[in-house]
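# Descriptive structure summary
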Amino acid sequence: MANEFEIKKQICDIGKRIYNRGMVANNDGNISVKISENEFLCTPTGVSKGFMTPEYICKVDRDGKVLQANAGFKPSSEIKMHMRVYKERPDVKSVVHAHPMYATAFAIAGIPLTQPIMPEAVIALGCVPIAKYGTPSTNEIPDAVSEYVQYFDAVLLENHGALTFSDSLLSAYNKMESVEFYAQLLYLSRQLGGPKELSDAQVQRLYEIRRQFGMTGKHPANLCANTKEGKASCHNCGGHCGQKSQTANASEELVKNITAKVIKELGL
Ligand code: 13P
């Protein structure tokens, strides 16, 4: 692993990328990296993540308590959210939080990214659920994220933004780019009359490719109970198949409500 100063520089570089790509406004967003079982580097609160230098970066322990911070800098106000992910996913080495325009618009509209519309998004992410709204900086967001953290590497935060995590800083950042690109394509294709979704068979072939590549992280291709029984994986069961995830339940609930309304309107 690179030395601590190198990692601080990498965090600053990723901060620049997030800011320059318009994935955050003002002082928004935060980034962290696990450097040992009880040491984590994180961005400070209340600064533009596009203009940081290594001295800005703080060090905290697994409870989010400050181990080292230069004068004038305090760890991110969302450190509890980061620490919960590390606690519940020992494979995770980095967490990235941002407010990318399209992904956040879906999070505000309450629409999870579940439609399989392009190979890269299906392979990299599977689908992206929405963790229910929580007040920033409280335990409400970590609690909401916790529900999905064993099944996905990317989660939308209702009325707030997006959270991605992975086994390296670059990979956690890349997942944020993938989430935003997927959200943007989904939004635009909906304006063009609605996306033509990949078929179940096409999705299964992409899952197979993901398995063959031995890609790390949590994904329906590896988690669905059907897969373990040698059957086709669900696209959006989020590993809860049998119990059913909120994502799947939300779509079913929506279909049920619309059907009831149509039946009522038609007087059937
Ligand atoms: P911090 O600057 O405290 O990390 O907060 C930014 C943010 O985006 C909160 O959601």
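Relevant structure appears above.
Residues numbered from 1 in each chain as written. Predicted model: local features only at pLDDT ≥ 70, side-chain atom pairs only at ≥ 80, totals over all residues. Heavy atoms only, no water.

### What about the site of the ligand?
In the vicinity of the ligand, 13 residues are found, and the nearest of them are Gly29, Asn30, Thr45, Ser76 and Ser77. Thr45 places a polar side-chain atom, nitrogen or oxygen, 2.5 Å from an oxygen atom of the ligand. At 2.7 Å from an oxygen atom of the ligand is found a side-chain nitrogen or oxygen belonging to Ser76. Taken by itself the ligand offers 300 Å² of open surface, and the protein chains cover 90% of this. For the shell around the ligand, the per-class residue count stands at no nonpolar, 10 polar and three charged. (Near = heavy atom within 4 Å. Polar contact = N/O pair within 3.5 Å; in protein donor to acceptor, adjacent residues only side chain to side chain. Areas by Shrake-Rupley, 256 points an atom, 1.4 Å probe, with all protein chains shown as cover. Nonpolar A, V, L, I, M, F, W, Y, C, P; charged D, E, K, R; others polar.)

### Focus on the pairing of strand β7 (residues 154-157)
Judged by which residues are buried, β7 turns out to be covered on both faces: Ala154 and Leu156 on one side and Val155 and Leu157 on the other are all buried. Relative to β7, strand β6 (residues 130-131) is paired through two bridges, and the arrangement is parallel. The residue of β7 that forms the bridge with Ala131 is Leu157. Viewed along the sheet, the connection from β6 through helix α5 (residues 140-146) into β7 turns out right-handed. Inspection of the sheet shows β7 paired to strand β8 (residues 161-166) by four bridges, in the antiparallel sense. Looking at β8, one finds that Val155 is bridged to Leu163. Hairpin geometry of β7 and β8 is characterised by an intervening segment of three residues between the two adjacent antiparallel strands and by a positive phi of about 50° at Asn159. (Buried < 20%, exposed > 50% of the residue type's maximum accessible area, 1.4 Å probe, protein only. Helix = DSSP H or I, 4+ residues; strand = E, 2+ residues; numbered from the N terminus. Pairing = 2+ DSSP bridges. Right-handed = clockwise from strand over helix to strand, strands pointing away.)

### Quick word on unusual backbone geometry
Even without being glycine, Asn26 reaches a positive phi, approximately 55°. Within the element layout of this structure, Asn26 appears in the loop between α1 (4-20) and β1 (30-36). A positive phi is found at Asn159, a non-glycine position, where the angle reads about 50°.

### Here we look at the sheet that holds β8
Here we have eight strands laid out as an open sheet, ordered β4-β3-β2-β1-β5-β8-β7-β6, and mixed in their pairing. A strand with exactly one partner marks an edge of an open sheet, and here the two such strands are β4 (66-68) and β6. Note that strand β5 (residues 94-98) and β8 share five bridges and pair antiparallel. By the bridge assignment, His97 is partnered in β8 with Leu163. Those strands touched by helix α2 (residues 79-88) are β1, β2 (39-42), β3 (58-60), β5, β7 and β8, and its axis lies near 40° from that of β1. Where helix α3 (residues 101-109) meets the sheet, its contacts fall on β6, β7 and β8, and the angle it forms with β7 comes to roughly 60°. (Contact = heavy atoms within 4.5 Å. Axes fitted to C-alpha atoms, helices over the stretch in contact; angles between N-to-C directions.)

### What about α1?
Its 17 residues place the ends of α1 24 Å apart at the C-alpha level, agreeing with the 24 Å of an ideal helix rising 1.5 Å per residue. Along α1, the positions that sit buried rather than exposed are Ile7, Lys8, Ile11, Cys12, Ile14, Gly15 and Ile18. Viewed end-on, α1 has its buried residues packed into an arc of 165°, placing them on one side of the element. The elements touched by buried residues of α1 are β1, β2, β4, β5 and α6 (169-191). With a side-chain oxygen lying 3.1 Å from the backbone nitrogen of Phe5, the N-terminal cap of α1 falls on Asn3. Positive backbone phi, approximately 70°, marks Gly22, located one or two places after α1. (Expected span 1.5 Å × (residues − 1). Arc of directions from axis to C-beta.)

On their own, these measurements won't tell you what the molecule is for.
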